[in-house]
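Close look at the chain arrangement
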Amino acid sequence: MDLHHLRLLRELGDRGSLAAVARAMHITPSAVSQQLRSLQRSARVPLTERRGRRLVLTEAGQALAAAAIEVSTALDRAGRAVDAYLDDPAAPVTVAAFHSAGLTYFGPLLGRAGLPPVRCADEDVAQADFPALVADYDLVLAHRLAHSPPWPADRLTVVPLAYEPLNVALPAGHRLAARPSLSAAEVAGEPWICVHEGFPLEGVLTAIAAAAGRPLEIVHRVNEFTVVAAIVAAGGGLALLPAHTSRPGPGVVLRPLAGLPAGRHIDALTRPETLHRVAVRSVLGALREIAAAQPL
């Protein structure tokens, strides 16, 4: 049953004539009659009857009109509950991030005064799997390489946070450590530590191999950058590390890669309707401020 049709039935019971209902609803009497007939088709018994020249409600119609009041009241109450939820500045907000983004953003975010409660989670997933996470979290911090396809904007709202260069990490005592930057040809002959297949940084290693004209020797596959840095410091190979969101330690030096676009976009992903919430917008604003304060 259509709620608007139920309201017409109630108005007929209260106002006593089709003409009065039409005036109150700003439609024509024929439109009122047509919509009441549509409502009648969904009922097993007559809802209205003629008494002289007047159309009145039957007992069944009166019962349905009374139920319409309850339905309208419940819907109004539900609407108010939704409004209260959307406008509540203290409602908890869930935020997921890949590991290095969590390391960089979670601490400053949780330390900010005046924000709603933030519930943090780490999600180390392949690049293609980030969009699906918005079904489970209010905000998802995701990363993709500079020349990767954009996120699916038809079902996501994407808020850019930062662009971060990716540097070559090598032991402090490595023969190439003194160079200000490194070419693909210089690093292609070294053993490498790579992320697992499907994760964003893998594409840069593919580009290095293509530019050098030779395949890279992948000796370790590790996603966690703190573990990667430890392997590099121990002489286990070269790796790519983000310029700002990794903490490589004193035994590792970072050098830019010359001649190749080595960088990643860090974006906040969310469902469009999630941004209707005041609390989510507040947390997103804080994330943007934290990102703007990071070194470029």
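Whatever comes next refers back to the structure up there.
This section reports on the structure supplied with the text. (Residues numbered from 1 in each chain as written. Predicted model: local features only at pLDDT ≥ 70, side-chain atom pairs only at ≥ 80, totals over all residues. Heavy atoms only, no water.)

1. Section: the overall build of the chain
When its secondary structure is counted, the chain shows 9 helices and 11 strands. In terms of C-alpha radius of gyration, the chain reaches 31 Å, well past the compact-globule figure of 19 Å for 296 residues. With 296 residues in all, the chain has 44% of them scored as buried. Across the chain, the fraction of contacts at a sequence separation of at least 24, relative to all contacts at a separation of at least 6, is 71%. A total accessible area of about 14,900 Å² is found for the chain, and carbon and sulfur atoms account for 55% of it. (Helix = DSSP H or I, 4+ residues; strand = E, 2+ residues; numbered from the N terminus. Rg over C-alpha atoms; globule rule 2.2 N^0.38 Å. Buried < 20%, exposed > 50% of the residue type's maximum accessible area, 1.4 Å probe, protein only. Contact = heavy atoms within 4.5 Å. Areas by Shrake-Rupley, 256 points an atom, 1.4 Å probe, with all protein chains shown as cover.)

2. Comments concerning the pairing of strand S9 (residues 238-242)
Buried residues dominate S9, accounting for 5 of its 5 residues. Here S9 shows no split at all, with Leu238, Leu240 and Pro242 on one side and Ala239 and Leu241 on the other all buried. Sheet analysis places strand S6 (residues 157-171) next to S9, joined by 4 bridges and oriented antiparallel. Directly across from asparagine 167, in S9, lies its bridge partner leucine 241. Pairing analysis gives 2 bridges linking strand S7 (residues 191-194) to S9, with the strands arranged parallel. By the bridge assignment, tryptophan 192 is partnered in S9 with leucine 238. (Pairing = 2+ DSSP bridges.)

3. Concerning the packing of helix H1 (residues 3-15) against helix H2 (residues 18-25)
Close contact between H1 and H2 brings their axes to 9 Å; oriented N to C, the two are set at 125°. The orientation of H1 relative to H2 falls into the category oblique. Considering how the two elements wind past one another, H1 and H2 form a crossing that is right-handed. Facing His4, Arg7, Leu8, Glu11, Leu12 and Arg15 of H1, the residues of H2 in contact are Leu18, Ala20, Val21, Ala24 and Met25. (Axes fitted to C-alpha atoms, helices over the stretch in contact; angles between N-to-C directions. Parallel < 35°, antiparallel > 145°, perpendicular 65-115°, else oblique. Left-handed = near helix turned anticlockwise from the far one by under 90°.)

4. Remarks on empty space enclosed by the protein
Enumeration according to the criterion identifies 2 cavities of 30 Å³ or more in this entry. The space that makes up the largest cavity amounts to roughly 110 Å³. In this structure, the second largest cavity occupies an estimated 70 Å³ of space. Contributing to the lining of the second largest cavity are Ile193, Cys194, Val195, Leu201, Leu205, Val222, Phe225, Val228, Ala239 and Leu240. The set of elements that each furnish at least two residues to the lining of the second largest cavity consists of S7, helix H8 (225-233) and S9. Here the lining of the second largest cavity is built from residues that sort into 10 nonpolar, no polar and no charged. (1 Å grid on protein atoms, 1.4 Å probe; cavity = no way out; pocket = protein on both sides within 12 Å on 5 of 7 lines; lining within 4 Å. Points joined across faces, edges and corners; volume = space filled by probe spheres on them. Nonpolar A, V, L, I, M, F, W, Y, C, P; charged D, E, K, R; others polar.)

5. Looking at the nonpolar core
Of all hydrophobic cores here, the largest spans 39 residues; its most connected members are Val168, Leu170, Val187, Trp192, Val204, Ile208 and Leu257. Only S6, helix H6 (184-187), S7, helix H7 (202-212), H8, S9 and strand S10 (252-255) provide two or more residues apiece to this core. No other element matches H8, which puts 5 residues into this core. Excluding its chain neighbours within four sequence positions, the residues that come into contact with leucine 257 are Val168, Leu182, Ser183, Ala184, Val187, Val204, Ile208 and Ala262. (Core = buried A, V, L, I, M, F, W, Y, C linked by side-chain atoms within 4.5 Å.)

6. Examining the packing of aromatic side chains
If you walk through the whole model with that rule in mind, you get 2 aromatic pairs. On the basis of an interplanar angle of 75° and a centroid distance of 6.3 Å, the ring pair of phenylalanine 98 and phenylalanine 130 is categorised as edge-to-face. Highlighted residues: phenylalanine 98 in the loop between strand S3 (93-97) and helix H5 (99-110) and phenylalanine 130 in the loop between strand S4 (118-122) and strand S5 (139-145), separated in sequence by 32 residues. Phenylalanine 98 sits in the buried class, given a relative accessible area of 3%. Judged by centre distance (6.1 Å) and plane angle (80°), the ring pair of phenylalanine 130 and tryptophan 151 falls under edge-to-face. Of this pair, phenylalanine 130 sits in the loop between S4 and S5 while tryptophan 151 sits in the loop between S5 and S6, and the two are 21 residues apart along the sequence. The same class applies to phenylalanine 130 as to tryptophan 151, namely buried. (Phe/Tyr/Trp six-rings, centres within 6.5 Å; stacked < 30°, edge-to-face > 60°.)

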